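# Examination of the molecular architecture
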Amino acid sequence: FDSYLTYLNTQLQPPDHRPAPVAAKRAVTISRQSGCGSHVLAEKLAGYLQARTPPGEPPWTIFDRNLMEEVLAEHHLPAHIAKYMPEDRVTEIADIMDELFGLRPASWALVEQTAETILHLAEVGNVILLGRGANLVTAKSPGVVHVRLIAPLETRVAHMQQFEELSRPAAAARVRREDLGRRRYINKYFQKDVDDPLLYHLVINTDSVPLETAARLIGELVLRPTAA
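Summary of the structure given here. The model shown is predicted, which means the values in this text are computed figures rather than measured ones. (Residues numbered from 1 in each chain as written. Predicted model: local features only at pLDDT ≥ 70, side-chain atom pairs only at ≥ 80, totals over all residues. Heavy atoms only, no water.)

### Some words on the overall build of the protein chain
- For the protein chain, the count of helices and strands is nine helices and five strands.
- Among the 228 residues that make up the protein chain, the fraction classed as buried is 46%.
- Here the contacts in the protein chain between residues at least 6 apart in sequence split such that 73% fall between residues at least 24 apart.
- In the structure as shown, the protein chain presents an accessible area of about 12,100 Å², 57% of it carried by carbon and sulfur atoms. (Helix = DSSP H or I, 4+ residues; strand = E, 2+ residues; numbered from the N terminus. Buried < 20%, exposed > 50% of the residue type's maximum accessible area, 1.4 Å probe, protein only. Contact = heavy atoms within 4.5 Å. Areas by Shrake-Rupley, 256 points an atom, 1.4 Å probe, with all protein chains shown as cover.)

### Digging into the environment of valine 40
- One can find valine 40 in helix 2 (residues 38–50).
- Between the C-alpha atoms of valine 40 and leucine 211, which are 171 residues apart in sequence, the distance is 7.6 Å.

### A short note on the nonpolar core
- If you look at the biggest cluster of nonpolar residues, it comprises 22 residues, and the most contacted ones within it are Val28, Ile128 and Ile218.
- For this core, the secondary-structure elements that each account for two or more residues are strand 1 (27–32), helix 2, strand 3 (127–130), strand 4 (144–150) and helix 9 (211–223).
- With residues up to four places along the chain from it excluded, the contact list for isoleucine 218 reads Val28, Leu41, Leu45, Val147, Leu202 and Ile204.
- Ranked by size, the runner-up nonpolar core spans 20 residues in total, among them Ile118, Leu129, Val194 and Leu199. (Core = buried A, V, L, I, M, F, W, Y, C linked by side-chain atoms within 4.5 Å.)

### Concerning the packing of aromatic side chains
- Overall, the coordinates contain two aromatic pairs when judged by the stated rule.
- Aromatic pair tyrosine 185 and tyrosine 189: ring centres 5.1 Å apart, planes at 65°, arrangement edge-to-face. Pair noted here: tyrosine 185 and tyrosine 189 are both in helix 8 (residues 168–190), with a separation of four residues, about one helical turn. The two residues tyrosine 185 and tyrosine 189 agree in class, both being buried.
- These aromatic residues form a ring-pair network of at least three members: Tyr185, Tyr189 and Phe190.
- It is arginine 52 that lies over the ring of tyrosine 48; its NZ or CZ is 3.6 Å from the centre. (Phe/Tyr/Trp six-rings, centres within 6.5 Å; stacked < 30°, edge-to-face > 60°. Lys NZ or Arg CZ within 6 Å of the ring centre and 35° of its normal.)

### Thoughts on the pattern of salt bridges
- A full pass over the atoms with the stated rule returns nine salt bridges.
- As a salt-bridge pair, glutamate 212 and lysine 44 come within 3.1 Å of each other at their nearest N and O atoms. Taken together, the residues glutamate 212 in helix 9 and lysine 44 in helix 2 connect sequence positions 168 residues apart.
- Here the residues in one salt-bridge network are Glu164, Arg174, Glu178 and Arg182, joined through shared partners. (Salt bridge = Lys/Arg side-chain N within 4 Å of Asp/Glu carboxyl O.)

### Digging into helix 7 (residues 153–164)
- Here helix 7 contains 12 residues, and its C-alpha end-to-end distance of 16 Å stays within 8% of the 16 Å for a straight helix at 1.5 Å per residue.
- Of all the residues in helix 7, the buried ones are Thr155, Arg156, Val157 and Met160.
- Buried-residue contacts for helix 7 involve helix 8.
- The positive-phi residue at the C-terminal boundary of helix 7 is glutamate 165, with phi of around 55°. (Expected span 1.5 Å × (residues − 1).)

### Section: the packing of helix 7 against helix 8
- For the pair helix 7 and helix 8, interaxial distance at closest approach is 8 Å and the crossing angle is 115°. As judged from the angle between their axes, helix 7 and helix 8 are roughly perpendicular. Once helix 7 is placed against helix 8, the crossing between them reads as right-handed. Contacts between helix 7 and helix 8 involve Leu153, Glu154, Arg156, Val157, Met160, Gln161 and Glu164 on the former and, on the latter, Arg168, Ala171, Ala172, Arg174, Val175, Arg176, Glu178 and Asp179.
- Its residues placed into classes, the contact of helix 7 with helix 8 shows six nonpolar, one polar and eight charged. (Axes fitted to C-alpha atoms, helices over the stretch in contact; angles between N-to-C directions. Parallel < 35°, antiparallel > 145°, perpendicular 65-115°, else oblique. Left-handed = near helix turned anticlockwise from the far one by under 90°. Nonpolar A, V, L, I, M, F, W, Y, C, P; charged D, E, K, R; others polar.)

This is the structure:
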């Protein structure tokens, strides 16, 4: 949270006091199967990159749930809209009824606004963006590295049990629900298969590659002069 505030404060400084812009803006998108340890990896990656970032640049900042706060602020949307914005958790019927009765913007409009905010953050640079099709939104943006995290189902269920303190049946149900929701979100709004390896620079099995090692692999690719 402190890092998030520091990032925002850096961008809100008067123009004369902002750090001089750097030539190459770098960012990372992380697409993940549920229970792969994406949040822990993102924190390790942010630390790795921050330790190698010159003074004066914006701090490396993770955008996941707080991305929606940024979308609401940038597009002047009321706070209650946030409950409609998780990846594909609103049914088609609820989507149509709410749109007809004017309870919220159409889902396509929300996705467009989210994509605009993702692009703006990538343009500023030094961000790690989790989910929301960020790899597809920034597919043509130079300096952005796209990563997909995978792991066997049993491993992911065990992680969900441990970190969310759920029973095994509840953890398994949540993993399957989130995987399905993310797959449907990408298919519905981007007409892509989230499991297509050609959408990513790296596909990492976090059951085989320790998170510390994965963070270093991604970080080295991000910092390479030829990273694109």
